[in-house]
Amino acid sequence: MSVDLTVVVPAYNEERRLGPTLAALRDHLDLTYRGAWELIVVDDGSTDATAEIAAEASAADPRVLLVRSDRNRGKGHALRLGVLASYGRRVLVTDADLAAPIEELDHLDKALTDGHAAAIGSRARPGATIGAHQHRLRELLGRTGNFLIRTVAVPGIRDTQCGFKLFDGDRAREAFAASRLHGWGIDVEILQYFRRSGWPVAEVPVRWSHQEGSKVRPLDYVKVLAELTLLKARAVRRADVLVALLFLALSFLLFSGRWTGPAHRYFPDSMQDQNQWEWFFAVTADNIRHLNNPLFTTLQNAPDGVNLMANTVMLGLSVPLAPVTWLLGPAAALNVAMTGGLALTAVTWYRLIRGRLVPHRGAAATGAALAAFAPPMVSHANAHPNFIVLFMIPLIIDRALRLCEGTRVVRDGVVLGLFTTYQIFLGEEPLLLAALGMLLFAVAYAAVRRDVARAAWRPLARGLAIALAVTIPLVAFPLYWQFFGPQSYKSVLHGDNAGNSPLAFLSFAERSLAGSDATADHLAMNPTEENAFYGWPLVALAFAIVVRLWERTVVKALAFTVLAAALLSLGPKFRIPLTDTVLPGPWAALSGLPLFESVIESRVAMVCAPALGMLLALALARLLSAPRRTHQYAGLAAVAVALLPILPAPLKAVDRAEVPPFIAQGTWRTYLGAGETLVPVPIPDAGNAEGLHWQTTADLDFRIPGGYFNGPWGPDRIGIYGPSPTNTSNLLRDVRSSGRVPEVTPAWRDAVRRDLTSWNAGLLVLAPQRNDGQLRATVDALVGRPGKWVGGVWIWDLHRGS
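For clarity, every value in this text was computed on a predicted model and none was experimentally measured. (Residues numbered from 1 in each chain as written. Predicted model: local features only at pLDDT ≥ 70, side-chain atom pairs only at ≥ 80, totals over all residues. Heavy atoms only, no water.)

**Student:** What exactly am I supposed to notice about unusual backbone geometry here?
**Tutor:** With the exception of glycine, the majority of residues adopt a negative phi angle, and the majority of peptide bonds are in the trans configuration. Cis geometry is adopted by the peptide bond preceding P303, which originates at A302 and carries an omega value of 5°. With respect to the helices, strands and loops of the structure, P303 is situated in the loop between β11 (296-297) and β12 (306-307). Cis geometry is found at the peptide bond from V681 to P682, where omega equals -5°. Locating P682 in the fold gives a position in the loop between β16 (677-681) and α28 (690-697). Non-glycine residue F533 carries a positive phi angle of around 45°. Structurally, F533 can be placed in the loop between α22 (517-521) and α23 (536-548). Here F533 falls in the buried class, since its relative accessible area comes to 0%. (Helix = DSSP H or I, 4+ residues; strand = E, 2+ residues; numbered from the N terminus. Buried < 20%, exposed > 50% of the residue type's maximum accessible area, 1.4 Å probe, protein only.)

Here it is, written out as structure tokens:
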């Protein structure tokens, strides 16, 4: 006999209300339901008389069936047993407490008649009525949990956990057969299955009343989230996991020279940047430990201090990694941030390329590897985590593309705003360059596909406005502090022309397989700024890909993005190679604009890396689907020839300079009074920042003048690297670089005394270094007495008069 409706009731220790519930269901179905029906009670391992009550009902009416579980496994397991035992053309699942009365079935039934595959009762839709409310705290916790569940798993559905749902029978049996969860999370798992299958789901407002003795507890929402997390982890394909592990292995190999001893190994190509970044992580952890302002400190540049928000301290990483800093030290925390962040960046590029461009995992992985491990990224891996930890950029791009689709503008706009906010606390300059790259791509795509642009611009504009409305309140105060707070500055001086040479794009970076120091040195500012260096084989391959796939709009847009970014990176003016001809560059139009005035223009070439990676992924996907093996082999050989020369070698690492025992063993504490500064000789600056390493070794327990940071200089507050010059800092720096002891006059002594007083200096410390004899003689003459050798350093105790 065919069954029109199956009602499934999961029951666990429901002896007090199961009998009246079954009677109410049978009476309603007999009176109002025209078709044949069956009622399945699933006993989920009850320890009371639940099973006996259901068995008595089954004996009285053969349309009532009892399904028993050997033990209590959860609502999800019970529902799965019941639905898979059903024969109904439609299947209703309802809780044993009938919080939503069976009379509401008519509303759900109408939704299925109108063409939906499922209709779920909702307490959150307009038109729903609540007869008896839960306790206010319980209701608040439930709403919060429901919000988190639907945000994470099924956006758009307001009430996933109402236990009153009607399904198309065949589709319900397919979905429940594929389900894996045993607990409360099965509701969400089934709704996700319906969505993935493209089966429409209606959310129908119903009457609902809280029933005493409900088995649902507020903490069950947390369990649902845990179940969904586990479900999502199970859904990850092994191939995707292998790709992620490959990226992690590549990242670890790149940084392997420092992992052998994080606290004792140094990347010489970082110059002083490793000292600076370790200090950034240390000072953030220290500020959190002592509940200090995370946007400012006077540990450097005493007494004026450092505006940390105006420096790239990466609060988005240094704050969550503070426990690692406390336990293992700032060097280990920096290693974790750079190694894990670079691998995660490759993973998110892989996710974007595979989700938006090519389904082939191998092609997407190769393109993502180029995007994350291109020569410019490897160059910045020496010293600049803010330019390699870019895992938010692909997520921001994907969310902007979703806005163009216009399906969930409000939700996607809010998420984009939150993503953008977080990226601001990872790095503002990379966000600016990413926005520039996205704008170049959008302009090119819109020029080719005006129909797409016309359809996309309204939801995109609305979504961007929503994103701004979310972002601005969250970052308003930090950005105010950055641009107008103590020690803020206007722009950073980095030279008149820091653009790339056109030859740099055809050359190989120093750490590339085919690169060398001699080739790269004269084409880049320093080893951390080799921002082009893609190599002529890759440039030739990219040209061939564009020609071969020119019919595709996305290829045209990516090609324009690469070319435009490369041209902008040449700077406001550039010289044609092998000639004396200097031409104006397109960057001149942007160089004077706010924000852009502080950008090192050669870094714009980094925009080319993900665009080239996407072109490569498109070509590989096309190539791997070619019908002829000979074409595949030839194409793969061309790709190998282009990529092998730019494969990165592990970054160079050396044993770092030992911190003098005077600092490392804490001897300095017996000489320095409260609030006084320890003055390294010469004064720390961007070219000599070992004093920052001393501070981190001493747990930031003393302050120093000078340092390595971005701060203001002069009445115009122009940004410079390091402290504003003083008589003392200039004098000692000149002695160190020249090796000449100057004539120390009374005027010099007075000038140095004023500086020491302004710094509240208590101790001068000179460690062994180049020209340390001349430095010691100079300080002896300035202080008026010889220094004292203590713990591997020369010291001058200023409490004894100077």
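**Student:** It is not clear to me how helix α7 (residues 186-196) should be interpreted in this structure. Could you clarify?
**Tutor:** Given 3.6 residues per turn, any residue in an α-helix points the same way as the ones three and four places further on. In terms of residue burial, α7 counts as a mostly covered element, since nine of its eleven residues are buried. Listed in full, the buried residues belonging to α7 are I186, D187, V188, E189, I190, L191, Q192, Y193 and F194. Positioned one or two residues after α7, G198 has a phi angle of 75°, which is positive.

**Student:** Where do I start with the sheet that holds strand β19 (residues 761-766) in this structure?
**Tutor:** Through backbone hydrogen bonds, the strands of a sheet pair up, either in parallel or in antiparallel fashion. Spatially, the four strands line up as an open sheet ordered β16-β19-β21-β20, and their pairing is mixed. For this open sheet the edge positions go to β16 and β20 (788-790), each flanked by a neighbour on one side alone. Across the sheet, the axes of successive neighbouring strands diverge by a mean angle of 35°, strand direction being ignored. (Pairing = 2+ DSSP bridges. Axes fitted to C-alpha atoms, helices over the stretch in contact; angles between N-to-C directions.)

**Student:** Got a minute to help me understand the side chain of H28 in this structure?
**Tutor:** Residue placement: H28 occurs in helix α1 (residues 18-32). Classification of H28 as buried rests on a relative accessible area of 10%. Each residue touching H28, except ones within four places of it in the same chain, is listed here: Y33, I102 and E103. (Contact = heavy atoms within 4.5 Å.)

**Student:** So what exactly am I meant to see when it comes to the side chain of N275 here?
**Tutor:** Within the secondary structure, N275 sits in helix α11 (residues 273-289). Reaching out from N275, the side chain makes a polar contact with the side chain of E690 at a distance of 3.4 Å. Excluding anything up to four places from it in sequence, N275 contacts Y266, R656, A689, E690, L692 and H693. (Polar contact = N/O pair within 3.5 Å; in protein donor to acceptor, adjacent residues only side chain to side chain.)

**Student:** What's the story with a nonpolar patch on the surface in this structure? I'm lost.
**Tutor:** On the surface, V236, V241, L242, L245 and L248 cluster together to form a nonpolar patch covering roughly 430 Å² of accessible area. Secondary-structure assignment places V236 in the loop between α8 (219-235) and α9 (238-254). (Patch = residues over 30% accessible without salt bridge, like charges linked within 9 Å, V, L, I, M, F, W, Y side chains within 5 Å. Areas by Shrake-Rupley, 256 points an atom, 1.4 Å probe, with all protein chains shown as cover. Salt bridge = Lys/Arg side-chain N within 4 Å of Asp/Glu carboxyl O.)

**Student:** So what exactly am I meant to see when it comes to the packing of aromatic side chains here?
**Tutor:** The description of an aromatic ring pair rests on the distance of the ring centres and on the angle between the ring planes. Inspection of the entire model under this criterion finds 17 aromatic pairs. Relative to Y422, the ring of F391 lies with its centre 6.3 Å away and its plane at 45°, an arrangement referred to as tilted. Here F391 is found in the loop between α16 (375-381) and α17 (392-405), whereas its partner Y422 is found in helix α18 (residues 409-424), with 31 residues between them in sequence. Where W587 meets F596, the ring centres are 5.9 Å apart and the plane angle is 70°; that geometry is what we call edge-to-face. Grouping residues by exposure puts W587 and F596 together as buried. Taken together, the ring pairs connect F167, F176, Y193, F194 and W199 into an aromatic cluster. Stacked on the ring of W208, the Lys or Arg R123 has its end atom at 4.9 Å from the ring centre. R776 extends its terminal NZ or CZ atom over the ring of W794, reaching a point 4.1 Å from the ring centre. (Phe/Tyr/Trp six-rings, centres within 6.5 Å; stacked < 30°, edge-to-face > 60°. Lys NZ or Arg CZ within 6 Å of the ring centre and 35° of its normal.)

**Student:** What is the right way to read the environment of K490 from this model?
**Tutor:** Along the chain, K490 falls in the loop between α20 (450-484) and α21 (502-506). Of the residues examined, K490 reaches a relative accessible area of 56% and is grouped as exposed. Apart from the residues within four sequence positions on either side, K490 is in contact with E597, S598, D716 and R717.

**Student:** Could you clarify how one ought to interpret the sheet that holds strand β7 (residues 164-168) in this entry?
**Tutor:** Pairing within the open sheet is mixed, and its seven strands lie in the order β3-β2-β1-β4-β7-β5-β8. The strands lining the two open edges of the sheet, one partner per strand, are β3 (64-68) and β8 (201-205). Neighbour-to-neighbour, the strand axes of the sheet open up by a mean angle of 20°, direction not taken into account. In the packing of helix α2 (residues 50-60) onto the sheet, the strands contacted are β1 (3-11), β2 (37-43) and β3, and the crossing angle to β3 comes to about 150°. The strands touched by helix α3 (residues 75-84) are β1, β2, β3 and β4 (88-94); relative to β1, the strand with the most contacts, the crossing angle is about 160°.

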